[in-house]
Structures are given as structure tokens and as C-alpha cells.
Amino acid sequence: MKNTELTMKKAVHVYQRSADWGVIFYTIQDLLVYFTIFCVFARRYGVQVLGLALMYNHLHQLLSASSRKDIEAFVAVISALFARYFNIDVEREGAVFHKAFGSAVVYGDKNIRTIAGYLYNNHTNKKLCDKAEEVRWNFLAYAHNDHPFSEPIILNKASKRLRKALKMVDSFRAREQYLGYGAINTIFSKLNTTEKEQIIDYIISKYNCIDYEALEGLYRSFDEMIYSFNANTFNEYEIKEGREEKYGDDRVYKSLAFTIMTTGKYKRLKDILVLPDDEKNKLAIELQAATGIPISKIAAYLHLEIRSGA
């Protein structure tokens, strides 16, 4: 039974950023690994999820549980697990998330709606979409659609490679096992672009733990909820984040990824994370010359400390 009554009384807004204000989520694999870990452990810990927004360098969660300690334990476990897999994937060491995460208890429908509006508008405020339901990684589009960003899967017309990928996802999900980088790369292997979009939607829909019924219950209807979110884009919410964290332009990170990969120097995007600092500095200069993006944003993307006087 869903904990809807508790949710309407109280929820916890969790805000978590990277260890050094740098980027966390570079690839689809990063996002899916985090999401499947998150959903598996939300069910395991009995955490009710009203919202999740995965941004480049931070994330927001809107949660409810029997106690705040349960939520703190849940966040600590999923953060440590994701960080371990992230580091193994790039063969690096060090913190991924800031050691402390922010959390605030919000009471009553009105205040929970305010936080929900802020969470679901994060991508909009950072110029990654025009409307809250148009982006994949706040998961709003999945409320009433299991393939919002891809063509429907018709099994009797699906390729053998796609059917194999679907079976692998089903097998992991049936065991309530999250997907690691190796599993996702195997699932993606040999799929074409259309099939990859289909399998991404399939994974999200299969693992999804967001309680849309409880979320919509804060409003008179789904349509009213969507209207409310979009009507409050760029609203000055009283959230403890700097203006750049709330309203900066995250499209620059897409531009950086494209520019880096078109150089042909790197087999995969995250290879930049293990470059020596002198090579990162050289790359930063090249990227600024090619894109005009502020050096602070480039440094965040490369996890490069800006030297005084540079």
C-alpha cells in the first residue's frame, strides 16, 4: 500500500551536489546506473518518491519515509554505491558527491507543491527544455506514458538484438537488481540509434519508482499539475542555492561534450576525467577558444581547479 497519507502531511527535499562543483552525469550510462540504483533501493528502504531530477552537477529528490533517518540512510547508500561504480568505470579515485547533502522537511500540500514545482522545473530553469514534461531526466513524461521519447516497441517486429536487450533488462528487474555500467553497455551493444532510445525508455519504465498517483493527488488533475509547473518556470523559489545553480545555462555542457568528441582524440567522453592536469589545462584553453564558454564552466566539466591568475 502506498504511503499517500504520510506524503500529504510531510516530505523531505534532498539536494545533493558533486564534491567539487564539477559535473557528475556525463553519459546516458551514468544516468541509468544512478536511476536504477535509486529505484531498487527506494523500494528496499520503503522510501516513497514524489520527484527526482538529475542535473549535470547536482540532483534533487522529493521523498517520504517513516523517518528522516531512513531517508538519510537511503541517500547515503545509493550515493556511495553510485560513486563506487562511477569511479570503477573511469578508473579513478576520489569523492563523487559532496560529503554532506542538504535536506529540508516540508509540511502540508501547499509547501510540497512548491518544492515539486521547483524540482520539476530544474531543467527548464537551466535552459535544457522549454516545458517541464519535455525532458527525460526529471521523469515527469513517464507519468502516463512508458515510451515518451521513443517509438513503441512492437515485439513481433523487433530485431533479434532488441529482443535480447529487452530480455536482459527484464531479467535484472525481476531479480530487483540495478544495472551497472557493464550491464548497460552489453544491453546497448549492437543496437541502432532508434533502438537505444527505445531501450532507455524501457529501462526507465521498468525500474521507475516515482509515485505519480501521490504526486498528482496534490493537484486536482494531472493537467493542472503540468500547467502549474510550467506557469511557475523561473519563479523565485526560496531554495538555498546560488542563482547560478538555479538559473545558469547548462546547454554549455552539451556543447562541450560535442566539441570534445569531434576532436577524435578520445575513445569515450569520460576519458577526459583521467587526463593529467597539464593536459586538462591545455584542453580547457582549446575548448574556450573553440566555444567561447566561460572558463569556470569548462573547469567544472573537466574537474579542473582554476589556478589564481589563470
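Anything mentioned here points back to the structure above.
Note that the coordinates shown come from a computational prediction; the quantities given were computed from them, not determined experimentally.

Trainee: Honestly, the overall build of the chain in this entry has me stumped. Any pointers?
Mentor: The helix and strand tally for the chain stands at 14 helices and four strands. Dimensions along the principal axes, computed over C-alpha positions, put the chain at roughly 55 × 50 × 35 Å. Among the 310 residues that make up the chain, the fraction classed as buried is 52%. Taking as baseline every contact in the chain between residues at least 6 positions apart, the subset at least 24 positions apart corresponds to 74%. Accessible area for the chain stands at about 15,100 Å²; split by element, carbon and sulfur atoms hold 51% of it. Positive and negative charge centroids in the chain, built from 42 and 37 side chains respectively, lie 4 Å apart.

Trainee: Help me out: how do you make sense of the nonpolar core in this one?
Mentor: Within soluble globular proteins, side chains that are nonpolar tend to cluster in buried spots. In terms of nonpolar packing, the biggest core is built from 103 residues, with Tyr34, Phe38, Phe82, Phe139, Ile199, Ile272 and Tyr301 touching the most fellow members. Here this core gets eleven residues from one element, more than from any other, and that element is helix α2 (residues 28–45). Excluding residues that lie within four positions of it along the chain, Phe82 makes contacts with Ile24, Phe25, Asp30, Val33, Tyr34, Ile37, Val96, Phe97 and Tyr181.

Trainee: What am I meant to see in helix α3 (residues 68–90) here?
Mentor: Count 3.6 residues to each turn of an α-helix, and residues three or four apart come out pointing the same way. Taking 1.5 Å per residue, 23 residues should reach 33 Å; α3 reaches 33 Å between its end C-alpha atoms and fits that length. Looking at α3, one finds that the buried residues are Ile71, Phe74, Val75, Ile78, Ser79, Leu81, Phe82, Ala83, Phe86, Asn87, Asp89 and Val90. Downstream of α3 by one or two residues, Glu91 has phi in the positive range, about 55°.

Trainee: I would appreciate a short explanation of the packing of aromatic side chains in the present structure.
Mentor: Note on aromatic pairs: each is described by the distance of the centres and the angle between the planes. This model, assessed by the stated rule, comprises 20 aromatic pairs. Pairing Phe41 with Tyr45 gives two aromatic rings, centres 6.3 Å apart and planes at 45°, and the pair type is tilted. Residue Phe41 and its partner Tyr45 are located together in helix α2, separated by four residues, close to a single helical turn. Look at Phe82 and Phe97: their rings are 6.0 Å apart centre to centre, the planes differ by 50°, and that puts the pair in the tilted class. Highlighted residues: Phe82 in helix α3 and Phe97 in the loop between α3 and β4 (102–107), separated in sequence by 15 residues. Exposure class is identical for Phe82 and Phe97. Each is buried. One aromatic cluster is present, formed by Phe25, Tyr34, Phe38, Phe41, Tyr45, Phe74, Phe82, Tyr85, Phe86, Phe97 and Tyr178 through successive ring pairs. In this arrangement the basic side chain of Arg44 is found over the ring face of Phe41, its NZ or CZ atom lying 4.4 Å from the centre.

What counts and how
- Residues numbered from 1 in each chain as written.
- Predicted model: local features only at pLDDT ≥ 70, side-chain atom pairs only at ≥ 80, totals over all residues.
- Heavy atoms only, no water.
- Helix = DSSP H or I, 4+ residues; strand = E, 2+ residues; numbered from the N terminus.
- Buried < 20%, exposed > 50% of the residue type's maximum accessible area, 1.4 Å probe, protein only.
- Contact = heavy atoms within 4.5 Å.
- Areas by Shrake-Rupley, 256 points an atom, 1.4 Å probe, with all protein chains shown as cover.
- Lys, Arg positive; Asp, Glu negative; His and termini not counted.
- Charge placed at Lys NZ, Arg CZ, Asp CG, Glu CD.
- Core = buried A, V, L, I, M, F, W, Y, C linked by side-chain atoms within 4.5 Å.
- Expected span 1.5 Å × (residues − 1).
- Phe/Tyr/Trp six-rings, centres within 6.5 Å; stacked < 30°, edge-to-face > 60°.
- Lys NZ or Arg CZ within 6 Å of the ring centre and 35° of its normal.

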